[in-house]
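Coordinate analysis (summary)
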Amino acid sequence: MKIIILGAGQVGGTLAEHLASEANDITVVDTDSDRLRELGDRLDIRTVQGRGSFPAVLRQAGADDADMLVAVTNSDEVNMIACQVAYTLFHTPTKIARVREAAYLTRSGLFNNESIPVDVLISPEQVVTNYIKRLIEYPGALQVIDFAEGKAQLVAVRAYYGGPLVGQQLKQLREHMPNVDTRVAAIFRRNRPIMPKGDTVIEADDEVFFIAAKAHIRAVMSEMRRLEDSYKRVVIAGGGHIGERLAEAIESRYQVKIIEMNPARCRYLSENLDSTVVLQGSASDRDLLVEENINDADIFLALTNDDEANIMSSLLAKRLGARKVMTIINNPAYVDLVQGGEIDIAISPQLATIGTLLTHVRRGDIESVHSLRRGAAEAIEAIAHGDAKSSKVVGRMIEEIALPPGTTIGAIIRDEEVLIAHDDTVIESGDHVILFLVDKKYIRAAESLFQVGLTFF
């Protein structure tokens with residue numbers, strides 16, 4: 001696939017890295033020559049320096065025969081105009097734009113071929129807000145992913161000493177919970193993947209990914225670790241787009257405080273949020289945190305754009321007694337360095353967003369793609385089509401499907417029903433199939449299973 005990426009920042013660069021490793025023809029456009037040089041030296045891609053909304057620059061990047069334009073510059077307006085130019089002059093089939101301002105996103109009918117021709121809108125702030133909201137709903141989870149509009153969820157937890165299943169074989173999970181169906185999709189032990197089998201023994205500190213119907217998630221979590229009490233008091237450092245959206249989403253269920261430096265932004269938040277308490281000041285101000293009883297906070301979230309400030313305020317909050325701390329880390333290279341010590345969870349907005357972009361690049365009928373373990377693994381929701389003659393999966397039991405190495409089928413969503421995958425489960429046309437891949441080099445092979453042969457037509 002020939003893809004033009006506008007913007008060589010964290011999102012554009014991370015996307016280029018993912019796609020270049022999958023045999024795509026990638027061109028990255030940016031005004032920053034140093035950033036382009038760094039990407040070009042590291043990845044097998046073309047680079048073009050210039051403003052991505054200019055017709056001449058798009059033509060130089062290969063827009064005449066590009067399959068897709070992904071506009072992820074820091075400017076909503078440049079992204080939207082680039083899509084308009086690509087549609088009008090180059091008839092680019094698929095146009096994806098990152099749009100951050102709610103003033104654009106809340107206008108119905110603005111994005112279509114008769115107005116602004118954007119096929120797919122990406123709002124990183126909303127993606128990250130949803131990501132954090134799910135983590136708040138499941139205390140103790142490292143990652144929570146929805147499939148089929150939340151009917152099934154994939155959850156990552158760290159197994160602790162004392163968990164009922166820790167030190168026992170996976171096949172005993174059914175004995176522990178005879179009325180709950182679940183499947184462990186993968187286990188990461190000391191950062192190395194283990195393909196789970198019935199006789200696999202879960203060890204303390206294992207990172208366990210399991211899939212189940214939403215109603216059964218907490219029951220399965222309790223097998224791996226002692227269930228934590230639900231959060232009640234939430235403190236958010238940073239009242240930007242993500243802080244505001246998160247507070248708005250959770251303030252009806254939790255006691256929420258926002259700490260924000262900018263006085264004008266504080267006034268805006270106070271006027272537009274219902275029950276959230278807005279405090280002006282710095283989240284790295286020890287006296288302020290003590291005064292606001294940070295030791296009573298169930299969770300402290302550092303959501304500013306400054307990695308250093310986020311890390312410092314998170315460490316301070318944890319040392320002053322906050323039960324859990326999470327922070328946004330804008331540089332993905334720092335995520336592994338930060339998470340797991342005093343900071344419980346580090347969130348990369350770029351990696352959270354990348355799955356939304358990858359969904360529209362994958363081959364076959366792919367409903368959603370999710371990047372896991374900071375990009376090391378991937379979960380895919382694919383839709384099966386065809387019949388036993390035209391499809392490699394329809395009409396076959398799971399044990400009969402030639403899955404690529406390191407790939408497991410975790411669950412199937414059929415209409416409203418969640419079916420946990422077992423060897424004798426037969427896939428039907430229209431099923432949403434949840435796959436887990438621990439080795440991304442086999443992504444193309446996994447996707448090819450869901451491409452229908454010509455006999456189907």
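Remember, it's a predicted structure, so these values are computed and weren't measured experimentally. (Residues numbered from 1 in each chain as written. Predicted model: local features only at pLDDT ≥ 70, side-chain atom pairs only at ≥ 80, totals over all residues. Heavy atoms only, no water.)

1. What about the packing of helix α6 (residues 124-137) against helix α9 (residues 241-250)?
- For the pair α6 and α9, the least separation of the axes is 9 Å and the interaxial angle reads 45 degrees. Taken together, the axis directions place α6 and α9 in an arrangement best described as oblique. Considering the relative orientation of α6 and α9, their crossing is right-handed. Of α9, the residues touching α6 (which contributes Glu125, Gln126, Val128, Thr129, Ile132, Lys133 and Ile136) are His241, Ile242, Arg245, Leu246, Ala249 and Ile250.
- Split by residue class, the contact of α6 with α9 holds seven nonpolar, three polar and three charged. (Axes fitted to C-alpha atoms, helices over the stretch in contact; angles between N-to-C directions. Helix = DSSP H or I, 4+ residues; strand = E, 2+ residues; numbered from the N terminus. Parallel < 35°, antiparallel > 145°, perpendicular 65-115°, else oblique. Left-handed = near helix turned anticlockwise from the far one by under 90°. Contact = heavy atoms within 4.5 Å. Nonpolar A, V, L, I, M, F, W, Y, C, P; charged D, E, K, R; others polar.)

2. Some remarks on the UniProt feature "domain: RCK C-terminal" (unreviewed entry) in the chain
- Listed under "domain: RCK C-terminal" (unreviewed entry) in the UniProt record, and renumbered for this structure, are residues 142-226 and 367-452.
- Helix and strand shares over residues 142-226 are 14% and 36% respectively, and the end C-alpha atoms of the span are 14 Å apart. (UniProt positions renumbered as here; feature names shortened; annotations may be inferred.)

3. With respect to the sheet that holds strand β17 (residues 345-347)
- The six strands lie next to each other as β14-β13-β12-β15-β16-β17, forming an open sheet whose pairing is parallel. Each edge of the open sheet is held by one strand with a lone partner, namely β14 (277-280) and β17. Geometrically, the sheet is characterised by an average inter-axis angle of 20 degrees between neighbouring strands, direction not taken into account.
- Pairing between strand β13 (residues 255-260) and β14: four bridges, direction parallel. Each residue of the ladder has a partner; that of glutamate 260, found in β14, is glutamine 280.
- Those strands touched by helix α12 (residues 307-319) are β15 (299-302) and β16 (324-328), and its axis lies near 180 degrees from that of β16. (Pairing = 2+ DSSP bridges.)

4. Focus on the packing of aromatic side chains
- For the coordinates displayed, the defined rule picks out two aromatic pairs.
- Judged by centre distance (5.9 Å) and plane angle (70 degrees), the ring pair of phenylalanine 188 and phenylalanine 209 falls under edge-to-face. Of this pair, phenylalanine 188 sits in strand β9 (residues 182-189) while phenylalanine 209 sits in strand β11 (residues 207-213), and the two are 21 residues apart along the sequence.
- Looking at phenylalanine 209, the relative accessible area reads 1%, which means it is buried.
- Taking 5.2 Å as the distance between ring centres and 55 degrees as the angle between the ring planes, the aromatic pair formed by phenylalanine 209 and phenylalanine 436 counts as tilted. (Phe/Tyr/Trp six-rings, centres within 6.5 Å; stacked < 30°, edge-to-face > 60°. Buried < 20%, exposed > 50% of the residue type's maximum accessible area, 1.4 Å probe, protein only.)

5. Structural notes on the sheet that holds β11
- Taken together, five strands build an open sheet; the order of strands is β7-β8-β11-β9-β10 and the sheet is antiparallel. Only two strands of the sheet have a single partner each, and these edge strands are β7 (141-147) and β10 (192-194). If you compare each strand with its neighbour and ignore which way they point, the axes differ by 20 degrees on average.
- Sitting on the sheet, helix α8 (residues 217-224) is in contact with β7, β8 (152-158), β9 and β11, with an inclination near 155 degrees to β11.

6. Some remarks on helix α14 (residues 349-359)
- With respect to burial, α14 is a largely interior element, 10 of its 11 residues being buried.
- Burial in α14 covers these residues: Pro349, Gln350, Leu351, Ala352, Thr353, Ile354, Gly355, Leu357, Leu358 and Thr359.

7. Remarks on α8
- Residues Ile217, Val220, Met221, Glu223 and Met224 constitute the buried set of α8. When α8 is viewed along its axis, its buried side chains cluster within an angular range of 150 degrees and face the same direction. (Arc of directions from axis to C-beta.)

8. What about a negative patch on the surface?
- On the surface, Glu399, Glu400, Asp423 and Asp424 cluster together into a patch of negative charge.
- Tracing the backbone through its elements, the reader meets glutamate 400 in the loop between β19 (377-383) and β20 (407-414).
- On the basis of relative accessibility, which here comes to 48%, the residue glutamate 400 falls in the partly exposed class. (Patch = residues over 30% accessible without salt bridge, like charges linked within 9 Å, V, L, I, M, F, W, Y side chains within 5 Å. Areas by Shrake-Rupley, 256 points an atom, 1.4 Å probe, with all protein chains shown as cover. Salt bridge = Lys/Arg side-chain N within 4 Å of Asp/Glu carboxyl O. Lys, Arg positive; Asp, Glu negative; His and termini not counted. Charge placed at Lys NZ, Arg CZ, Asp CG, Glu CD.)

9. A short note on empty space enclosed by the protein
- A full pass over the atoms with the stated rule returns two cavities of 30 Å³ or more.
- Quantified by volume, the largest cavity comes out at close to 40 Å³.
- Taken together, Phe147, Leu154, Ala185, Ile211, Ala379, Thr408, Gly410, Ile434, Leu435 and Phe436 make up the lining of the largest cavity.
- It is strand β22 (residues 432-437) that provides the largest number of residues to the lining of the largest cavity, a total of three residues.
- Looking at side-chain class alone, the lining of the largest cavity contains eight nonpolar, two polar and no charged residues.
- Considering the residues around the second largest cavity, the lining is formed by Val235, Lys257, Ile259, Leu279, Leu289, Glu292 and Ile294.
- A class-by-class count of the residues in the lining of the second largest cavity yields five nonpolar, no polar and two charged. (1 Å grid on protein atoms, 1.4 Å probe; cavity = no way out; pocket = protein on both sides within 12 Å on 5 of 7 lines; lining within 4 Å. Points joined across faces, edges and corners; volume = space filled by probe spheres on them.)

10. Details of the pairing of β16
- In terms of residue burial, β16 counts as a mostly covered element, since five of its five residues are buried.
- Of the two faces of β16, the one holding Lys324, Met326 and Ile328 and the one holding Val325 and Thr327 are both buried throughout.
- Note that β15 and β16 share four bridges and pair parallel. By the bridge assignment, alanine 302 is partnered in β16 with threonine 327.
- Each parallel crossover has a hand, and for β15 linked through α12 to β16 it is right-handed.
- Bridging between β16 and β17 involves three bridges; their strand directions are parallel. Residue isoleucine 328 lies in a different strand from β17, and its bridge partner there is isoleucine 347. (Right-handed = clockwise from strand over helix to strand, strands pointing away.)

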